[in-house]
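One letter stands for each residue in the lines below.
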Amino acid sequence: MAAWDLSVIVEDLGPDAAPITISVASDLHIGGVILKLVEKLQIQRDWSDHALWWEQKQRWLLKTAWTLEKWEVHADARLVFMPQHKPVKLGLPNGIILKLRACFSNPVFQTVMGICRMLGIRHPEELSLLRPVEEKKKKKDKDLSEDIYDLTEVPLSSVSRPCLYNGMPPHFADSDKLEAVYKMLSVTQPPPAPEVIAKQYRPASVVDKAHINGRWLDSSRCLMQQGIKGNDRLWLRFKFFSFYDIDSKYDVVRVTQLYEQARWAILLEDIDCTEEEMMLFGALQYHISKVSQSEPQMLCSNAALDDLETALQSLEVKMEGESSSASELLVRMMTTSLNSKYVYVFRPKRLTLKGYKQYWFKFQDTSISYFKSKEESIGEPIQQINLKGCEVAPDVNVAAQKFLIKLLIPAPEGMNEVYLRCDNEQQYAEWMAACRLASKGKSLADSTFQSEIDSIRSFLAMQKTNGSQGNAAASDESINPHSLVSPRYHKKYKPKQLTPRILDAYQNVNQLSLTDALMRFLQIWQALPDFGLSYVVVRFKGSRKDEVLGIAPNRLIRIDLGVGDVVKTWRYNNMKQWNVNWDIKQVAIEFEGNVNIAFSCLTADCKIVHEYIGGYIFMSTRSREKSEVLNEELFHKLTGGHEAL
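Reference entry: report on the structure contained in this document.

Cut-offs applied
Residues numbered from 1 in each chain as written. Predicted model: local features only at pLDDT ≥ 70, side-chain atom pairs only at ≥ 80, totals over all residues. Heavy atoms only, no water. Pairing = 2+ DSSP bridges. Helix = DSSP H or I, 4+ residues; strand = E, 2+ residues; numbered from the N terminus. Buried < 20%, exposed > 50% of the residue type's maximum accessible area, 1.4 Å probe, protein only. Axes fitted to C-alpha atoms, helices over the stretch in contact; angles between N-to-C directions. Core = buried A, V, L, I, M, F, W, Y, C linked by side-chain atoms within 4.5 Å. Contact = heavy atoms within 4.5 Å.

Thoughts on the pairing of strand β21 (residues 566-571)
Note that strand β20 (residues 555-559) and β21 share five bridges and pair antiparallel. Opposite Arg555, over in β21, you have Arg571 as the bridge partner.

Spelled out as structure tokens, the structure:
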């Protein structure tokens, strides 16, 4: 074959250096091209991380056995010889900025896996990278240099299982400097100053919340293909709100960063909560801040003891399953129905003014039946509702004695909404526990029924106010309440009004250990009605107005932009298939019962919505048997679209 000249830009020589020209033939493989290039450079160094990037085609030439002809590279190709790993400035949920080496040649999904391995975060599939929101800087802020913690010397580990040395990944134990960085990752930050909260970007509407989701990077493509350059700034955030197998021993960094993301979502009003819940969140933040200063978070670990502990735990679980005595089983069988009660029911319909109606309710297995009165409960019920697969959400205000259970029940055309109103705490705890178990397909005979009731009651106890105790504590507690609540309450209440209320709630949580307090904070956050919703502004096929699509871990929600009402809900487990028309950027979904919907995305690329739906379906396939190995191929099949194929 005839020889011809190929020009290659070598990034390490600087931006002004002339391209290096080498003589090649079309049957020369890429490995041979790199060899010729390195020989001509005559620079003694390790070139193993370098590869060729084809600028016009936005593609890495990583298959080094392929020839120039197979790659269709000709003399006019603009090739750049550069490292595959480059430094990026990575903003974490707790506000810390790390400078570390990330892979620019693999799909972002693999890049995130590498970053999470280095930081000691398990289940990296729940996180992703996004472009940061630009902060408006004032002239006087120019001189303020931000702290950036350098981890560029730390190698990207290939170990998949968490391996701890003195309670931290081994590479952080190499020096005091790196150990200090690990402490920054694994210890919660003190409450931010009110002026810091005020300076942050705060979404004013659901449309503002939707815009942030247009910033997620595509998991199927590499950083270079998405215009990211070395030393660029990116955010690492939890994207999929489906948290699997949280273990307080191995997940110190994961839990801390998850807490920080949840805390900022509440402080910046990214998720709505009641005033009572805000005071409880404030109390927990205050407690976590106090305890984390006194209680060391890093545990010493011994591999042999770890294995022994795991073996004992699995043996304990096995024995628990075997040791249920006949009398215990008999008791469980006898208590398979909940005490029948009068419960108030409300079926919200648009533009309705009707209130609650009282009916006699029976709870049996995973179904509830209701009758006009106790006397009529022998006959046929007005309706029987099977709760398996339904959504159960609390709406509680202990001070106002409001105990509501919101049920979203699957129906062919979407979801039917039913509210149950309980008379008191005990009734609410029992019925809420029963509804939660039934939604998972478990009956009242399940062994977790009582522990579910206890958990709900302890949550309600936290919301109770203790009156005088809080005021007594206020005098000797140093607390800045405006650091613990969102700016809405800064305007509504003075610090001296907020302090007793937060300390009042603090009385209910001050006995919790650090781990328990963090987990309780996350549990209450996950119980909020809007938890896990990611919004995108869309235009439904056949509609003339913009609407909002809420994407949750198990369902899609259609929201009227004008009123803010939920118009329709569709669950993933009723979904038969979904397709994306990449030419007209339209997502089409088919559900059971011949229900079809189609929409185009306005505030985010339709690939982002496609990735959310596929990603949540992928999250639901995880199980303990498979948890050691991440099925990367399945993730790309579900989220990659036509590019992955």
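Notes on unusual backbone geometry
The phi angle at Asn231 is positive, at roughly 70°, despite the residue not being glycine. When you line up the elements, Asn231 lands in the loop between α6 (206-212) and β10 (233-238). Taking the relative accessible area as the measure of exposure, Asn231 reaches 38% and is therefore partly exposed. Even without being a glycine, Asp365 presents a positive backbone phi close to 55°. Turning to its location among the elements, Asp365 is positioned in the loop between β12 (357-364) and β13 (367-371).

Description of the sheet that holds β21
Pairing is antiparallel in the open sheet, where seven strands are placed in the order β21-β20-β19-β18-β24-β23-β22. Strands at the two margins of the open sheet, each flanked by one partner only, are β21 and β22 (575-581). The average undirected angle you get between the axes of adjacent strands in this sheet is 30°. Bridging between strand β23 (residues 586-591) and strand β24 (residues 595-601) involves six bridges; their strand directions are antiparallel. In the sheet register, Gln586 faces β24, and the bridge partner there is Ser600.

Points about the nonpolar core
Leu119, Leu129, Leu151, Trp525, Ile589 and Phe599 are the most contacted members of the largest nonpolar core, which has 119 residues in total. Examining the composition of this core, we find that nine residues originate from one element, helix α8 (residues 275-294), more than from any other. Filtering out sequence-adjacent residues up to four positions away, Leu129 remains in contact with Leu90, Val108, Val112, Ile115, Trp216, Leu217, Leu223, Leu234, Trp235 and Leu236. Judged by nonpolar contacts, the second largest core, of 33 residues, contains Phe361, Trp431, Leu437 and Ile456.

Note that all results are geometric; they support no functional claim without further evidence.
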